[in-house]
Amino acid sequence: MSKIGTLESVWRYPVKSMRGEQVDEVFVAYTGVMGDRLYAISSSEAPPEFPWHTNREHEEFVLFSASYKNHETTLKPAAIEAAFKEALNPPYPLADAFALEVSTPGDETFDVKDPAFLESLRDKSEGELTLHFTQKNAVDCRPLSLFSHQTLVQLEQETGLDLDKRRFRANFYVDWLGADGFYENELVNRRLRVGERLEIMVRELDPRCKSITIDPDTAETQPRILKHIARKHNGFAGVYAAVLTEGSVKAGDDFFLVD
Amino acid sequence: MKSKSPSVDNIRRFRATLDGIEHEVAYQDGEVLLDCMLDADLDPPFQCHDAQCATCMVKLIGGKVEMRKSDALSRRDIDQGYVLLCQSIPLSDDVSVDCDA
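Rules used throughout
- Residues numbered from 1 in each chain as written.
- Chains lettered and ligands numbered in written order.
- Predicted model: local features only at pLDDT ≥ 70, side-chain atom pairs only at ≥ 80, totals over all residues.
- Helix = DSSP H or I, 4+ residues; strand = E, 2+ residues; numbered from the N terminus.
- Rg over C-alpha atoms; globule rule 2.2 N^0.38 Å.
- Buried ≥ 20, exposed ≤ 12 C-beta atoms within 10 Å, placed from the backbone.
- Contact = placed C-beta atoms within 7 Å.
- Pairing = 2+ DSSP bridges.
- Nonpolar A, V, L, I, M, F, W, Y, C, P; charged D, E, K, R; others polar.
- Arc of directions from axis to C-beta.

Peer 1: Break down the overall build of chain B for me, citing the residues and quoting the values.
Peer 2: A tally of helices and strands in chain B yields two helices and seven strands. Whereas a compact globule of 101 residues would reach a radius of gyration of roughly 13 Å, chain B reaches 12 Å, a difference of no more than 12%. The C-alpha extent of chain B, read off along each of the three principal axes, is 40 × 25 × 25 Å. With 101 residues in all, chain B has 37% of them scored as buried. Once local pairs closer than 6 in sequence are excluded, the contacts in chain B between residues at least 24 apart make up 51%.

Peer 1: Provide a residue-level description of the overall build of chain A, including the pertinent values.
Peer 2: Counting its regular elements, chain A contains four helices and 16 strands. Against the compact-globule benchmark of 18 Å for 259 residues, chain A has a radius of gyration of 18 Å, which places it among compact chains. Considered along the principal axes of its C-alpha atoms, chain A spans approximately 55 × 50 × 30 Å. The burial tally for chain A puts 42% of its 259 residues in the buried class. A separation of at least 24 residues holds for 75% of the contacts in chain A among residues at least 6 apart in sequence.

Peer 1: Provide a residue-level description of the sheet that holds strand E4 (residues 32-33) of chain A, including the pertinent values.
Peer 2: Residue and element names in this part refer to chain A. Ordered in space as E4-E3-E15, the three strands form an open sheet in which the pairing is antiparallel. Of all the strands in the sheet, just E4 and strand E15 (247-250) have a single pairing partner and so form its edges. As paired elements, strand E3 (residues 25-29) and E15 share four bridges and run antiparallel to each other. Within E15, the residue paired with Val28 across the bridge is Gly247.

Peer 1: Break down the interface of chain A and chain B for me, with residues and values.
Peer 2: In this assembly, 13 residues from chain A lie in contact with 11 residues from chain B. Per element, the largest residue contribution to the side of chain A that touches chain B is five residues, and it comes from helix H4 (residues 223-232) of chain A. Classifying every residue of the side of chain A that touches chain B gives five nonpolar, two polar and six charged.

Peer 1: Outline the environment of Asp217(A), listing residues and values.
Peer 2: Relative to the helices and strands, Asp217(A) resides in the loop between strand E13 (198-207) and H4. C-alpha of Asp217(A) to C-alpha of Val239(A): the two residues are 22 residues apart in sequence and 24 Å apart in space.

Peer 1: Can you lay out unusual backbone geometry for me, pointing to particular residues and giving the numbers?
Peer 2: Positive phi is not limited to glycine here, since Asp107(A) has a value of about 65°. Secondary-structure assignment places Asp107(A) in the loop between strand E7 (100-103) and strand E8 (109-111). Judged by C-beta crowding, with 6 C-beta atoms within 10 Å, Asp107(A) ranks as exposed. The phi dihedral of Asp41(B) is positive, around 65°, even though this residue is not glycine. Along the chain, Asp41(B) falls in the loop between helix H1 (33-39) and strand E3 (57-62). What makes Asp41(B) exposed here is the crowd of 8 C-beta atoms within 10 Å.

Peer 1: I'd like to hear about helix H3 (residues 149-159) of chain A, residue by residue, with values.
Peer 2: Within H3(A) the residues assigned to the buried category are Gln150(A), Thr151(A) and Leu155(A). For H3(A), the angular spread of the buried residues around the axis is 135°, confining them to a single face.

Peer 1: I'd like to hear about the environment of Pro44(B), residue by residue, with values.
Peer 2: All names here are of chain B. Within the secondary structure, Pro44 is located in the loop between H1 and E3. On the basis of neighbour count, Pro44 is assigned to the buried category, with 24 C-beta atoms found within 10 Å. As a C-alpha pair, Pro44 and Thr55 span 11 residues in sequence and 9.3 Å in three-dimensional space.

If you want it as structure tokens, here you go:
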């Protein structure tokens with residue numbers, strides 16, 4: 001196995017389309033990062049195959065932040081070591097462990113299940129909004145998304161824009177060893193190990209949409225970045241991966257190419 | 001700059017600024033702006049062709065268009081004059097869009 005990079009930071013997004021949170025060490029299940037996109041808001045006006053209320057139609061949604069009330073219990077299953085010792089899949093805590101608070105850009109704080117929270121969003125959607133909870137991670141396509149420091153730098157050089165990596169809403173931000181931007185594209189269908197146990201397979205390139213045009217601190221949009229990626233990189237930036245072997249990861253872990 | 005000349009006389013044109021150059025692009029009733037620009041060998045950025053990704057959002061500078069759907073646009077986008085090339089059908093003879101906006 002050869003080392004090909006380092007995990008620069010790990011992120012999860014407790015509510016789909018809201019601001020993400022950087023975590024130090026976290027369990028990664030077959031369904032993705034523990035606590036990632038467990039909540040989502042659906043809109044009755046959105047198409048059934050993608051029913052979500054997102055920052056596409058409500059840019060300021062990226063300024064909402066969410067945090068688990070019992071942060072530590074949402075990072076690793078309690079029985080993780082014992083389960084791994086027996087080659088078992090560690091069971092997740094009950095849904096109550098993922099109780100969540102949402103803070104709005106207007107400095108209001110809600111329990112996510114408080115009807116007043118959805119009520120506060122009523123004028124932001126044409127449709128009726130409903131809160132969804134799942135432990136299966138409400139990701140768009142695959143359990144994990146990866147984006148590299150090298151790709152960010154290349155996009156900045158190509159566009160002349162100062163780009164915040166958080167626009168790309170990845171789970172793993174990676175620093176490749178001696179590689180150029182978009183190196184992750186070469187890893188499709190390759191198996192990687194991250195840290196001591198996690199194994200993933202890169203499955204496909206990540207097709208980008210309006211979400212990356214939204215500044216994560218101001219919610220202002222910059223369509224040029226998306227147009228550039230469409231023209232120069234066929235619309236793709238970053239990759240999606242599937243989880244082959246569950247494990248915990250932390251910033252600083254090494255990436256190895258398995259095969 | 002004029003795009004390819006159509007072979008029939010009843011074709012109208014809209015204006016599209018792309019990479020700083022203004023083009024006159026031919027269209028017939030019911031055609032969407034993106035298809036007309038591609039037919040004219042222009043290369044506006046686009047991806048899904050289905051109102052989902054918003055790669056083809058452009059600013060409507062003049063005239064009127066109708067969008068068949070606008071899923072990827074917010075109210076703010078629409079209030080600021082953005083439309084999706086892949087969904088917009090000209091409703092007036094003076095349509096002008098800025099693809100660089």
